[in-house]
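One-letter residues, chain by chain:
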Amino acid sequence: MNNLSIIINKLSQQHSLTNDEYKMLLLECSKDDVDHLARLARKETEKIYGKNIYIRGLIEISNYCKNDCYYCGIRASNTSCDRYRLTDDDILECCKEGYALGFRTFVLQGGEDPALTDDIICNLVSKIKELYPDCAITLSLGERSKESYKKMKQAGADRYLLRHETATAEHYALLHPSKMSFDNRIRCLYDLRNLGFQVGCGFMVGSPEQTPDMLAEELKFIETFKPDMCGIGPFIPHVATKYHNYTAGSVDMTCLLLSIIRLIHPCVLLPATTALGTLAPNGREKGILSGANVIMPNLSPASVRKKYMIYDNKLSDGDESASALDSIKNKINSIGYNIITSRGDVYKPKK
Ligand code: SAM
C-alpha cells in the first residue's frame, strides 16, 4: 500500500486525519484515488440515508444586507444591487406552491436585513408552522444574538444554516471588514447548537487567498464541530466586488471535499449546492455522486430571483427552479438516486 492508500483507509475507518494528511489528500490524489474516495463516500451515505436525496425549498426572503463581505454580490456597499424584501404573503405563497410540489422543508435565507426583526421572523415562522406542521423550517439569516436565536427556536424553527466561511481567523479577517468577527461567527454556531437547532456550517472552496493548509483546517473544523449540515460550494467572483477578476473555485476540488467530509462525518446532511450547478452543467449530479444527499431548488418568486445575485451568473431558473421538480427528479433517477418527500432530518446515532 502506498502512503495515500494508507491515509484513505485511515480516514474511512477512523473518520479523522492530521492536518498534514488532509493536505496530502487534497494535493496528491490521482483520478483513481478521487474515484475511490467518491465510491467510499457514496457507500457511507447509502448506509445511513439509502439512495434518498432530500429536497429543500429555498426562499430568498431579502437581499438587503448590513454587512460588507468583500466577496458577496449583495454586500451593503454594492449600490448596483436592486434590493427587495418579500412580504409574509409572498413567502406564504412560496410555501403553498412548495408544499404542493412535495417540499417538506422550507429554507428562509436572506442578507442580514435590519428590518427583519425578531418579531417579524418569529411571526412568520409560527404562521408557516401553523399551516404546515409536518414541515421543517430552516433559517439562514446570518449572525444574531443568542436571545434572538432562542426566540426563533421557540417560534418553531428547526434548523439554522450559518456558513463559517473559513476556519482560519486571519483568512476571515482578509475576506471581511474589521467590524465583522470570526469569533462572533463561531459563537453563533455554538449558541445555535446549544439551543437545540440542527446546525449547518460551511465554507467556500477556492475563495480568495485560500491555501491548501486552510482547506486542511476546514476539514479539521468539520471533524471537531461535527455539524448536522455542511454547505460547501465553489467561490464564484461577482462583478461588483474587489475580487471580480479572481478565478472561481474548482468543481473537482469541491467534489473531492464533499467525499472527504462524508467520510469524516458520515451522517452529515450535505447539499450539492447551486454554486456547483452554476459552474458545471451536471454539477449537482457530480456532487451527489461524490457523497452529497441534499438539493435546494429555488422557490422564490420568479420576479426576484435574479436580484439575489451573490455571484455572477448564479443559476435561478431551469433545474434550479423548484417548479422544474420533474426534470430534477429524472436527472437524479438517471444516476440511481430518488428524490423523496420528507422533512429529511439529520440522522443522530444513538449514544
Ligand atoms: N446572510 C446569511 C449569512 O451570512 O449566512 C445568508 C446569506 S449569504 C449571501 C449565503 C452564503 O453565500 C454565504 O454564506 C457565502 O458562503 C455564499 N456566498 C456569498 N458570496 C459568494 C460568492 N462570491 N461565491 C460563492 N458563494 C458566495
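Within each chain, residues carry numbers counting from 1 in the order of the written sequence. Per-residue local features of the predicted model are confined to residues with pLDDT of at least 70, and side-chain atom pairs are confined, for both listing and counting, to 80 or more; whole-chain, interface and lining totals are unaffected and use all residues. Each side-chain value is derived from all of the structure's non-hydrogen atoms; neither hydrogens nor water enter the calculation.

*Asks:* Looking at this structure, I do not really get the sheet that holds strand S5 (residues 159-161). What am I missing?
*Replies:* Either a parallel or an antiparallel arrangement is found when strands of a sheet pair, and the pairing is made through backbone hydrogen bonds. Taken in spatial order, the six strands line up as S2-S3-S4-S5-S6-S7 in an open sheet, and their pairing is parallel. Each having just a single partner strand, strand S2 (57-62) and strand S7 (229-234) make up the two edges of the open sheet. Across the sheet, the mean angle from the axis of one strand to that of its neighbour is 20°, orientation sign disregarded. Inspection of the sheet shows strand S6 (residues 198-205) paired to S7 by six bridges, in the parallel sense. Looking at the pairing, Cys201 lines up with Cys230 of S7. We call two residues in contact when some of their heavy atoms are within 4.5 Å. Helix axes use the C-alpha atoms of the stretch in contact, all axes being lines fitted to C-alpha atoms, and the angles between their N-to-C directions lie in the range 0 to 180 degrees. A run of H or I in DSSP counts as a helix once it spans at least four residues, and a run of E counts as a strand once it spans at least two, with each numbered from the N terminus. Running over the sheet, helix H10 (residues 251-264) touches S6 and S7 and is turned about 165° from S7. Two strands make a pair as long as DSSP finds a minimum of two bridges between them.

*Asks:* Can you help me understand helix H8 (residues 182-194) in this one?
*Replies:* Residues spaced three or four apart along an α-helix face the same direction, because each turn holds 3.6 residues. The end-to-end C-alpha separation of H8 is 19 Å, in line with the 18 Å expected for 13 residues at 1.5 Å each. The buried label applies to any residue whose accessible area, calculated with a 1.4 Å probe on protein chains only, is under 20% of its type's maximum; exposed applies above 50%, and partly exposed to all values in between. The complete set of buried residues in H8 reads Phe182, Arg185, Ile186, Cys188, Leu189, Asp191 and Leu192. Buried residues along H8 sit against helix H6 (146-155), S5, helix H7 (169-175), S6 and helix H9 (212-225). Just past H8, the residue Gly196 takes up positive phi, approximately 100°. To estimate the expected span of a helix, subtract one from its residue number and multiply by 1.5 Å.

*Asks:* What exactly am I supposed to notice about the pattern of salt bridges here?
*Replies:* A side chain with one charge can pair with a side chain of the opposite charge if their charged atoms come near. In the sections that follow, a salt bridge refers to a side-chain nitrogen of Lys or Arg positioned within 4 Å of a carboxyl oxygen of Asp or Glu. Summed over the entire model, instances satisfying the criterion amount to 24 salt bridges. A salt bridge links Asp228 to Lys348; the shortest N-O distance between them is 2.7 Å. Taken together, the residues span a long stretch of sequence, with Asp228 in the loop between H9 and S7 and Lys348 in the segment after strand S9 (338-340) at a distance of 120 residues. The exposure class of Lys348 is exposed, given its relative accessible area of 52%. Overlapping salt bridges bring together Lys129, Asp158, Arg159, Arg343 and Asp345 as one network.

*Asks:* Whenever I open this one, the pairing of strand S4 (residues 136-140) confuses me. Can you help?
*Replies:* One face of the sheet, then the other: side chains in a regular strand alternate in exactly this way. S4 sits mainly inside the fold: five of its five residues count as buried. In S4, alternate side chains face the same way, and those of Ala136, Thr138 and Ser140 on one face and Ile137 and Leu139 on the other are all buried. With five bridges connecting them, strand S3 (residues 105-110) and S4 associate as parallel partners. Of the residues in S4, the one forming a bridge with Phe106 is Ile137. Since S3 and S4 lie parallel, the crossover through helix H5 (residues 118-131) that links them has a hand, and here it is right-handed. Relative to S5, S4 is paired through two bridges, and the arrangement is parallel. Paired with Thr138 across the strands is Arg159, a residue of S5. The definition of a right-handed crossover adopted here requires that, viewed with the strands pointing away, the path from the first strand over the helix to the second runs clockwise.

*Asks:* What exactly am I supposed to notice about the sheet that holds strand S1 (residues 52-55) here?
*Replies:* Ordered by their spatial adjacency, three strands build an open sheet running S8-S1-S9, and the pairing between neighbours is parallel. The sheet is open, and its two borders are formed by strand S8 (294-295) and S9, each paired with just one other strand. Taken together, the two bridges between S1 and S8 define a ladder with parallel strand orientation. Residue pairing across strands places Ile55 opposite Ile295, the latter belonging to S8. Strands in contact with helix H14 (residues 325-334) are S1, S8 and S9; relative to S9, the strand with the most contacts, it is inclined by about 135°.

*Asks:* Is there a simple way to think about the site of the ligand in this case?
*Replies:* The nearness test applies per residue and asks whether one of its heavy atoms lies within 4 Å of the molecule or strand. As a structural note, the neighbourhood of the ligand is formed by 18 residues, with Tyr71, Gly110, Arg163, Glu165 and Ile236 the closest of them. In the environment of the ligand, a nitrogen atom lies 2.9 Å from a nitrogen or oxygen atom belonging to the backbone of Gly110. At 3.0 Å, a side-chain N or O of Arg163 approaches an oxygen atom of the ligand. Using a 1.4 Å probe, the Shrake-Rupley method yields the accessible areas, and only the shown protein chains count as cover for residues. Burial of the ligand by the surrounding chains reaches 93%, relative to a free accessible area of 570 Å². Side-chain atoms alone can form a polar contact between residues adjacent in sequence; in general such a contact is a pair of N or O atoms within 3.5 Å, and within protein one must be able to donate a hydrogen while the other accepts it.

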